[in-house]
Amino acid sequence: MAGQSKEAPLPSWGYALTGATGAVLANAAVYPLDMYAPPFSPFSLQVNRKPKNTEKSLENGDVSGRDEEEGEIYTSAVDAIQKIIAQSGVNGLYTGMVGSLIGVASTNFAYFYWYTLVRNFYLNRSTTGPPSTAVELSLGAVAGALAQIFTIPVAVVTTRQQTRPYSSKPLGLFATAQEVIGEDGVSGLWRGLKASLVLVVNPAITYGCYQRLKQILFNGRDRLSPGEAFLLGALSKCLATLATQPLIVAKVGLQSAPPPGRKAYKSFGEVMKVIVKKEGALGLFKGIGPQLVKGLLVQGVLMMSKERMELIFILLFRWFKKMRAERLAKVSSALPLVVKD
């Protein structure tokens, strides 16, 4: 007999909507960090070298491949923001924001939708109590893989927008998508899918740790305070980022716009090999500071917002169900009673 068969307070799309809303609010609040946190972006602290010439830098394994006129050296996150504003204005800090938030919304909606379905499916058939850490990680990985298959085109287009050289003309979301298709065909929109499927370990670790820490620290309580949700979200994301930063670097390298004279990378291994050759193993973790700051803030705000939004949606859902039941009761009572002979 299944041990967890009670009806969920919200349908899967309700949890998905609360997750997507929380993610959009969190990412919009800290979006400028994306302009130097993502590895391999032209604004990135990871690729702030200024090679003497493009051809020589490519021979030496420079993954940026940008010449001296396009290069820019950032000594810190503050320095990066100041130089971006000086070169592109405040708007430069928000390049590609619309596409990024669309990607965030779609990815998180898909993830929480599939995660709720998969987790409820497991709980309704489990007789062993709360899922173990290994089970939580597995459920998160399955949900993450399903979400990536449906949403990776938006991530590819957004990454391409953020990695365009300063000297090139900015393109909108659809124009950038057409550029990707023109280069690699429709399949180009799924560039880096294998890397993304490997990277599902990141949300799997994040939400697996969140659920386990929730069980350990708060005895599996359904509702957390904003502070508790922020703390658990930030801590779980910190652990996931530390574990997967090299994979994040490789993924963005696969999806970035290739500089003149170099073809796009084809595999995880190719990107990581170039980085290790040029900068050593620690190069895979370069720029992890901004990534951690962004991750802590985003995940903390996301989970805090999600918990509050879930409570609001549950109350609204119950109200709609009550109103519907009362309306059906009124309709039923107004119907004439038919007595058969």
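Residues numbered from 1 in each chain as written. Predicted model: local features only at pLDDT ≥ 70, side-chain atom pairs only at ≥ 80, totals over all residues. Heavy atoms only, no water.

As annotated in an unreviewed UniProt entry, the protein chain carries the name Mitochondrial thiamine pyrophosphate carrier 1 and comes from Tuber aestivum. As its UniProt record puts it under Sequence similarities (unreviewed entry), the protein chain is described as follows: "Belongs to the mitochondrial carrier (TC 2.A.29) family." (UniProt positions renumbered as here; feature names shortened; annotations may be inferred.)

A. A look at the overall build of the protein chain. When helices and strands are counted, the protein chain shows eleven helices and zero strands. Counting from the amino terminus, helix and strand elements in the protein chain follow one another as α-α-α-α-α-α-α-α-α-α-α. Taken across its 341 residues, the protein chain has 47% of its residues classed as buried. Across the protein chain, the fraction of contacts at a sequence separation of at least 24, relative to all contacts at a separation of at least 6, is 75%. Counting every atom, the protein chain has about 17300 Å² of accessible surface; 65% of that belongs to carbon and sulfur. (Helix = DSSP H or I, 4+ residues; strand = E, 2+ residues; numbered from the N terminus. Buried < 20%, exposed > 50% of the residue type's maximum accessible area, 1.4 Å probe, protein only. Contact = heavy atoms within 4.5 Å. Areas by Shrake-Rupley, 256 points an atom, 1.4 Å probe, with all protein chains shown as cover.)

B. Structural view of a nonpolar patch on the surface. On the surface, a nonpolar cluster with roughly 500 Å² of combined accessible area is contributed by Ile312, Leu316, Trp319, Phe320 and Met323. Here Trp319 shows up in helix H11 (residues 288–334). (Patch = residues over 30% accessible without salt bridge, like charges linked within 9 Å, V, L, I, M, F, W, Y side chains within 5 Å. Salt bridge = Lys/Arg side-chain N within 4 Å of Asp/Glu carboxyl O.)

C. Geometry of the pattern of salt bridges. Evaluated as defined, the whole model comprises six salt bridges. In this structure, the salt-bridge partner of Arg119 is Glu136, at a minimum N-O distance of 2.7 Å. In this pair, Arg119 is assigned in helix H4 (residues 97–125) and Glu136 in helix H5 (residues 133–162), connecting sequence segments 17 residues apart. Take Arg119 and Glu136: they sit in the same class, and that class is buried. Ionic pairing is found between Arg221 and Glu228, a salt bridge with its closest N-O pair at 2.4 Å. One network of salt bridges, in which partners are shared, links Lys214, Arg223, Lys306, Glu307 and Glu310.

D. Summary view of the environment of Ser106. Structurally, Ser106 can be placed in helix H4. The class for Ser106 is partly exposed, based on a relative accessible area of 25%. Not counting the four nearest positions on each side in its chain, Ser106 is found in contact with Thr151 and Val154.

E. Local environment of the packing of aromatic side chains. The tally for this structure, following the rule as stated, stands at eight aromatic pairs. The interplanar angle of 5° and the centroid separation of 6.4 Å between the aromatic rings of Phe109 and Tyr113 together place this pair among those described as stacked. Linking Phe109 with Tyr113, this pair stays in helix H4, spanning four residues, or about one helical turn. Since its relative accessible area comes to 33%, Phe109 is described here as partly exposed. Classification of Tyr113 as partly exposed rests on a relative accessible area of 29%. On the numbers, 5.6 Å between centres and 85° between planes, the contact of Tyr111 with Phe112 is edge-to-face. Side by side, Tyr111 and Phe112 carry an identical accessibility label, which is buried. (Phe/Tyr/Trp six-rings, centres within 6.5 Å; stacked < 30°, edge-to-face > 60°.)

F. Structural context of the environment of Leu284. One can find Leu284 in the loop between helix H10 (268–279) and H11. Exposure remark for Leu284: the relative accessible area of 10% places this residue in the buried category. As a C-alpha pair, Leu284 and Gln245 span 39 residues in sequence and 7.1 Å in three-dimensional space.

G. Spatial organisation of the environment of Thr241. Note on placement: Thr241 falls in helix H9 (residues 226–255). In this structure, the C-alpha to C-alpha distance between Thr241 and Ile205, residues 36 residues apart in sequence, is 9.0 Å. Look past the residues within four positions of Thr241 in its chain and what remains in contact with it is Asn202, Gln291 and Leu292.

H. Region of interest: helix H8 (residues 201–218). For H8, which comprises 18 residues, the first-to-last C-alpha distance of 24 Å matches the rise-based estimate of 26 Å (1.5 Å per residue) to within 8%. Buried within H8 are the following residues: Asn202, Ala204, Ile205, Thr206, Tyr207, Gly208, Cys209, Tyr210, Gln211, Leu213, Lys214 and Phe218. Downstream of H8 by a residue or two, Asn219 has a phi angle that is positive, lying close to 55°. (Expected span 1.5 Å × (residues − 1).)

I. Fine view of the UniProt feature "transmembrane region" (unreviewed entry) in the protein chain. If you check UniProt for "transmembrane region" (unreviewed entry), the listed places come out as residues 12–33, 93–114 and 134–157 in our numbering. Annotated as residues 93–114, this span is 82% helix and 0% strand, and its ends, taken at the C-alpha atoms, are 33 Å apart.

J. Representation of the nonpolar core. If you look at the biggest cluster of nonpolar residues, it comprises 23 residues, and the most contacted ones within it are Tyr111, Phe112, Tyr207, Tyr210, Leu224, Leu232 and Leu302. Of all the secondary-structure elements, those providing two or more residues to this core are helix H1 (12–29), H4, H5, H8, H9 and H11. The biggest single contributor to this core is H4, with six residues. Discounting chain neighbours no more than four positions away, the residues touching Leu232 are Tyr210, Leu213, Lys214, Leu217, Phe218 and Leu224. (Core = buried A, V, L, I, M, F, W, Y, C linked by side-chain atoms within 4.5 Å.)

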